[in-house]
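Take a look at the letters that make up each chain.
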Amino acid sequence: MVNMNRLEASRKVQVVKCLCEGMSIRGTVRLTGVAKNTVVGLLRDIGCACADFHHRTVRNLTVQRLQCDEIWSFVGAKKKNVTPEQEQHGWGDVWTWTAIDADSKLCVTYFVGDRGKHSAFAFMQDCASRIVGRLQITTDAHKPYLAAVEKAFGGDADYAQLHKIYGATEANEARYSPATCIGCDMKTISGVPDPAHVSTSYVERQNLTMRMSMRRFTRLTNAFSKKVDNHGHAVALYFMYYNFCRVHSSLRVTPAMEAGLAPSPWTVEELISLLPEPQAKKRGPYKKNSN
């Protein structure tokens, strides 16, 4: 096993590539030979660096159509099985709020939290701070969006909600996916949204890509996150890789290139360069041997 203090750049690239392609922590350990604590430490450092870069760089965007949604996961255990003590440590259901530009496929912002109104406000306020000009917004029928979008954008957005209607399930049917969608109900909330572009298809497809690209989002397995901080670090790394490194299959460029944020696709080596330079520890005072 290789220790973090001696991990060279090529090994860091190998570890990050494994994590970006949906491998678990232990799977990455087995494939690369890097110690588990080293992999977790690298995930923490690169996650913080990616979140900081996204916060500083993905701004002043011209977005015509914004689609927003939330994707469910959990840390430690599902909410129904969590004790009050475990809940204090961040265990329970965790929702990742995502906003995607329907034209460039760029993830404008993301937010890891619960599904309540405070998370909705923080998420939409961050969206508004990154976008210039008027836009059209589509969300699902989740109620906290109503006040959050109004407060964040005011009258500068044409906003519509898309409520999907699902059919009833058959008796005694055990299912692990939503029932069949039998229709959609569009509701105009503010402005004059174009009905032809009221859709959440792109952001829902993006949520599927998240489940495929992060092992901790896989359902019905024991690969779920054990710490909420590591969950956030993995999400930050994923969106940085998605926006700047991974070429979108339909665009033939990365979302960041399509949005004018980068001239070419990033390599994982460039992604690793976001890590801060290691600081040498200050040597303590010299102590004489009393013998």
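How each quantity is defined
- Residues numbered from 1 in each chain as written.
- Predicted model: local features only at pLDDT ≥ 70, side-chain atom pairs only at ≥ 80, totals over all residues.
- Heavy atoms only, no water.
- Axes fitted to C-alpha atoms, helices over the stretch in contact; angles between N-to-C directions.
- Helix = DSSP H or I, 4+ residues; strand = E, 2+ residues; numbered from the N terminus.
- Parallel < 35°, antiparallel > 145°, perpendicular 65-115°, else oblique.
- Left-handed = near helix turned anticlockwise from the far one by under 90°.
- Contact = heavy atoms within 4.5 Å.
- Pairing = 2+ DSSP bridges.
- Expected span 1.5 Å × (residues − 1).
- Buried < 20%, exposed > 50% of the residue type's maximum accessible area, 1.4 Å probe, protein only.
- Arc of directions from axis to C-beta.
- Patch = residues over 30% accessible without salt bridge, like charges linked within 9 Å, V, L, I, M, F, W, Y side chains within 5 Å.
- Areas by Shrake-Rupley, 256 points an atom, 1.4 Å probe, with all protein chains shown as cover.
- Salt bridge = Lys/Arg side-chain N within 4 Å of Asp/Glu carboxyl O.
- Lys, Arg positive; Asp, Glu negative; His and termini not counted.
- Charge placed at Lys NZ, Arg CZ, Asp CG, Glu CD.

### Quick word on the packing of helix 1 (residues 9-20) against helix 2 (residues 25-32)
Next up, step 1: Running from N to C, helix 1 and helix 2 point in directions that differ by 140°, and their axes come no closer than 10 Å. Between helix 1 and helix 2, the crossing angle belongs to the class labelled oblique. Crossing of helix 1 against helix 2: the hand is right-handed. Residues Arg11, Gln14, Val15, Cys18 and Leu19 of helix 1 form the contact with helix 2, whose participating residues are Ile25, Thr28, Leu31 and Thr32.

### Structural notes on the sheet that holds strand 3 (residues 92-101)
Next up, step 1: Spatially, 4-3-2-6-7-8 is the arrangement adopted by the 6 strands of the open sheet, whose pairing is mixed. Among the strands making up the open sheet, the edge pair consists of strand 4 (107-113) and strand 8 (181-190). Looking at each pair of strands side by side, their axes are set apart by 20° on average, direction ignored.
Next up, step 2: For strand 7 (residues 157-166) and strand 8, the ladder comprises 8 bridges, and the chain directions are antiparallel. In the strand pairing of strand 8, leucine 162 is matched with methionine 186.

### Here's the deal with helix 5 (residues 117-130)
Next up, step 1: End to end, helix 5 covers 20 Å across 14 residues, agreeing with the expected 20 Å (1.5 Å per residue, within 8%).
Next up, step 2: For helix 5, the complete set of buried residues consists of Ser119, Ala120, Phe123, Met124, Cys127, Ala128 and Arg130. Seen from one end, helix 5 has its buried residues packed into an arc of 165°, which puts them on one side.

### Brief notes about the environment of leucine 162
Next up, step 1: The topology assignment puts leucine 162 in strand 7.
Next up, step 2: Along the backbone, leucine 162 and lysine 187 are 25 residues apart, and their C-alpha atoms lie at a distance of 6.5 Å.
Next up, step 3: Look past the residues within four positions of leucine 162 in its chain and what remains in contact with it is Thr138, Thr139, Asp140, Ala141, Cys184, Asp185, Met186, Val198, Ser199 and Thr200.

### Describing helix 7 (residues 201-213)
Next up, step 1: In a regular helix each residue adds 1.5 Å, so 13 residues correspond to 18 Å; helix 7 covers 18 Å between its end C-alpha atoms and thus fits that length.
Next up, step 2: Within the sequence span of helix 7, burial applies to Val203, Gln206, Asn207, Thr209, Met210, Arg211 and Ser213.

### Examining a positive patch on the surface
Next up, step 1: Side chains of Arg26, Arg30, Lys36, Lys226 and Lys227 sit close together on the surface and give a patch of like positive charge.
Next up, step 2: By the element assignment, arginine 26 lies in helix 2.
Next up, step 3: Relative accessible area serves as the criterion here: at 53%, arginine 26 is assigned to the exposed category.

### As for the packing of helix 7 against helix 8 (residues 228-245)
Any two packed helices are characterised by how steeply their axes cross, that is the angle between the axes, and by the distance between the axes.
Next up, step 1: Orientation of helix 7 relative to helix 8, taken along the N-to-C sense of each, is 120°, at an axis distance of 11 Å. Classified by the angle between their axes, helix 7 and helix 8 sit oblique to one another. Where helix 7 crosses over helix 8, the two elements pack in a sense that is right-handed. Contacts between helix 7 and helix 8 involve Gln206, Thr209, Met210 and Ser213 on the former and, on the latter, Tyr238, Phe239 and Tyr242.

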